[in-house]
Amino acid sequence: VQLQAFGGGLVHPGGSLRLSCAPSRSVSRIDDMGWYRQAPGKQRELVAVWTSGGATNYGDSVKGRFTISRDNAKNTVYLQMNSLKAEDTAVYYCTANMIYYENDVPVALRAWGQGTQVTVSS
């Protein structure tokens, strides 16, 4: 099972983008699901996460500008990014804790997507 992320691209400062992420196949359960990012020369950092209990956590640098949402029926998580800044430029990675079945055997997996580039530049 892989996570597939979509929606990255090039946007001007002040603009908006929406990222989405979902597993590549049906899974039994997804617990927490969210986004991290990594800029060149920097460590990977939390952007936003939606927990299995319905709570949301955001990195300090994106609070008030980014919004995470989740469609449980589609096992999809979204990241609405508004008021984008140059410092938001990074590769954004989707991640999820999930359980799926392989030959009737439950498998617990912490999965990461391949990353999608977000570039904020004039």
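These notes cover the structure that comes with them.

**Overview of the overall build of the protein**
At step 1: A tally of helices and strands in the protein yields zero helices and eleven strands.
At step 2: Rg of the C-alpha trace for the protein: 15 Å, near the compact-globule value of 14 Å for 122 residues, within the 12% margin.
At step 3: Dimensions along the principal axes, computed over C-alpha positions, put the protein at roughly 50 × 25 × 25 Å.
At step 4: Accessible area for the protein stands at about 6,500 Å²; split by element, carbon and sulfur atoms hold 47% of it.
At step 5: Averaging the positions of the 12 positive and the 9 negative side-chain charges in the protein gives two centres separated by 4 Å.

**Remarks on the pattern of salt bridges**
At step 1: One pass over the structure, following the stated rule, counts seven salt bridges.
At step 2: Here Glu 102 ties to Arg 25 by a salt bridge, and the two come within 3.2 Å at their closest N and O atoms. With a gap of 77 residues between them, Glu 102 in strand E9 (residues 90-102) and Arg 25 in the loop between strand E3 (17-23) and strand E4 (29-38) connect regions that are remote in the sequence.
At step 3: Note on Glu 102: relative accessible area 39%, which makes it partly exposed.
At step 4: Of the residues examined, Arg 25 reaches a relative accessible area of 33% and is grouped as partly exposed.
At step 5: Counted as one network, the salt bridges with shared partners bring together Arg 37, Glu 45, Arg 65 and Asp 88.

**Examining the sheet that holds E3**
At step 1: One open sheet accounts for four strands, arranged E1-E3-E8-E7; its pairing is antiparallel. The outermost strands of the open sheet, each flanked by one partner alone, are strand E1 (3-6) and strand E7 (66-71). The mean angle between the axes of side-by-side strands here comes to 15 degrees, regardless of whether they run parallel or antiparallel.
At step 2: Taken together, the six bridges between E7 and strand E8 (residues 76-81) define a ladder with antiparallel strand orientation.

Criteria and thresholds
- Residues numbered from 1 in each chain as written.
- Predicted model: local features only at pLDDT ≥ 70, side-chain atom pairs only at ≥ 80, totals over all residues.
- Heavy atoms only, no water.
- Helix = DSSP H or I, 4+ residues; strand = E, 2+ residues; numbered from the N terminus.
- Rg over C-alpha atoms; globule rule 2.2 N^0.38 Å.
- Areas by Shrake-Rupley, 256 points an atom, 1.4 Å probe, with all protein chains shown as cover.
- Lys, Arg positive; Asp, Glu negative; His and termini not counted.
- Charge placed at Lys NZ, Arg CZ, Asp CG, Glu CD.
- Salt bridge = Lys/Arg side-chain N within 4 Å of Asp/Glu carboxyl O.
- Buried < 20%, exposed > 50% of the residue type's maximum accessible area, 1.4 Å probe, protein only.
- Pairing = 2+ DSSP bridges.
- Axes fitted to C-alpha atoms, helices over the stretch in contact; angles between N-to-C directions.

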